[in-house]
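Spelled out, the chains give:
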Amino acid sequence: MAKGEVHSQCAGYTLSVPNVQSLATSLDKSAQIPERYVRPEAQADPIARNNEIELPVIDLAKLIDPEFSEEEAAKLHFTCQEWGFFQLVNHGVPEELIEGLKANTLEFFNKPLEEKMVYKQENDGTLQGYGQAFVMSEEQKLDWSDLFYVMTRPITLRNMKFWPTSPSTFRDNIDRYSFELTKLASCLWQYIAKNLGVATEVFAQLFKDHPQGMRFNYYPPCPEADKVIGVSPHSDATGFSILLQINDVQGLQIRKDGEWIAVSALPNAFIVNLGDITEVLSNGLYKSIEHRAMINTENPRISLVAFHGPDNSIMLQPLPEVVGDGKLNYGSMSYQELMKAFFDKKLEGKSIIDKLKLFN
Ligand code: OGA
Ligand code: NI
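Keep in mind it's a predicted model, so treat the numbers as computed, not measured.

Draft legend 1. Seen up close, the coordination of the nickel ion (ligand 2). Only H234 (NE2), D236 (OD) and H291 (NE2) from the protein coordinate the nickel ion (ligand 2), and they sit 2.1 to 2.2 Å from it. Overall, D236 belongs to the buried group, its relative accessible area being 5%. Accessibility expressed as a relative area gives 7% for H291, which makes it buried.

Next up, the structure:
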């Protein structure tokens with residue numbers, strides 16, 4: 001893509017709404033929260049089990065070790081079909097970098113509001129910067145979170161005015177992390193391609209230039225935590241997403257077999273989830289699972305999600321190698337059109353991908 005063009009992964013508009021971190025700070029423990037954040041569905045559709053479950057674990061060191069690769073790749077294939085979500089351990093991203101980035105992120109969100117607002121979203125047709133997303137109307141219920149989003153790849157599309165200069169190592173750490181995750185994503189795509197019986201070049205072409213965006217989510221504690229939702233239920237409109245919990249506070253829930261379950265992450269693991277693009281490419285063999293983030297009364301929770309999407313110009317449709325002589329389960333749509341539909345409405349389950357489904 002040429003400089004100046006907007007990649008579909010960050011294109012969109014949102015209404016600006018109050019900063020939730022400041023709102024939360026202003027409320028005391030017995031306060032009632034504003035009506036716009038009260039979500040009846042949080043109580044009507046709670047988690048099924050109170051105990052947290054541990055997601056399947058994929059070990060990258062085994063995946064790339066010739067002796068264990070086949071076994072681990074089979075586990076990956078099974079996990080992509082049954083869960084669409086897994087933890088990745090031995091991922092090879094230097095711990096020192098992760099620790100640095102965690103410290104930077106905490107320091108950034110702990111700055112006074114005015115300092116963060118230097119990086120606020122600008123209604124420039126991209127969703128980059130500090131603010132919120134998916135707010136389409138003044139009546140819409142709101143998520144209990146703030147976010148900070150930057151497009152990190154292709155690097156020609158970086159808009160440095162949104163990259164914080166303080167803490168002083170933040171930019172460099174975002175850049176290094178972006179590179180490390182890009183290598184990791186390429187490596188995972190190779191195994192996913194192999195598992196799907198598709199030439200690795202096909203995936204390399206679909207994910208050319210490694211489009212990648214990073215979303216830092218800040219979920220403040222809430223005096224009425226059981227009435228709010230941190231991030232509304234949705235599936236990610238990406239190839240896959242790699243989530244890092246910045247401060248070891250859990251809150252992610254996934255919808256498994258119709259029920260919400262809370263997931264907990266191992267301390268040094270990434271949580272990887274397949275997105276809508278992968279569901280369509282795999283003709284539904286792999287699932288893009290609905291998830292949401294919930295809030296607690298005591299501690300802020302911070303996560304960093306790196307979205308890995310396809311090249312902006314692709315036509316999205318199931319890969320012929322996967323469909324074979326079988327039934328085609330999804331129609332086709334340009335990626336740009338799909339993303340426009342995704343960002344033009346509030347977050348709502350898997351409704352975007354359902355548009356492409358040929359059968360229900
Ligand atoms: C997201 C997301 C969940 C979390 O940013 O797309 O699903 O736990 N976040 O922060
Ligand atoms: Ni998500």
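Draft legend 2. Inspection of the sheet that holds strand β9 (residues 252–256) at higher detail. Taken in spatial order, the five strands of this open sheet run β1-β10-β9-β12-β7, and their pairing is mixed. Strands with a single pairing partner mark the edges of an open sheet, and in this sheet they are β1 (53–54) and β7 (231–234). Pairing analysis gives three bridges linking β9 to strand β12 (residues 291–293), with the strands arranged antiparallel. Bridge pairing in β12 places L252 opposite A293.

Draft legend 3. Local environment of the layout of surface pockets. The volume enclosed by the largest pocket comes to roughly 430 Å³. Taken together, 30 residues line the largest pocket, and the ones lying closest to its centre are R39, K141, D143, S232 and L347. Broken down by element, the lining of the largest pocket gets its largest block of residues, three residues, from β7. Of the residues in the lining of the largest pocket, the class split is 14 nonpolar, five polar and 11 charged. Approximately 350 Å³ is the volume attributed to the second largest pocket. I47, Q253, A262, M294 and I295 are, among the 19 residues lining the second largest pocket, the residues nearest its centre. Contributing elements (two or more residues each) for the lining of the second largest pocket: α2 (40–44), β9 and β10 (259–264). Per-class residue counts for the lining of the second largest pocket are 10 nonpolar, six polar and three charged.

Cut-off values and rules
- Residues numbered from 1 in each chain as written.
- Chains lettered and ligands numbered in written order.
- Predicted model: local features only at pLDDT ≥ 70, side-chain atom pairs only at ≥ 80, totals over all residues.
- Heavy atoms only, no water.
- Donors = N, O, S within 2.8 Å, 3.2 Å for Na, K, Ca; no water.
- Buried < 20%, exposed > 50% of the residue type's maximum accessible area, 1.4 Å probe, protein only.
- Pairing = 2+ DSSP bridges.
- Helix = DSSP H or I, 4+ residues; strand = E, 2+ residues; numbered from the N terminus.
- 1 Å grid on protein atoms, 1.4 Å probe; cavity = no way out; pocket = protein on both sides within 12 Å on 5 of 7 lines; lining within 4 Å.
- Points joined across faces, edges and corners; volume = space filled by probe spheres on them.
- Nonpolar A, V, L, I, M, F, W, Y, C, P; charged D, E, K, R; others polar.

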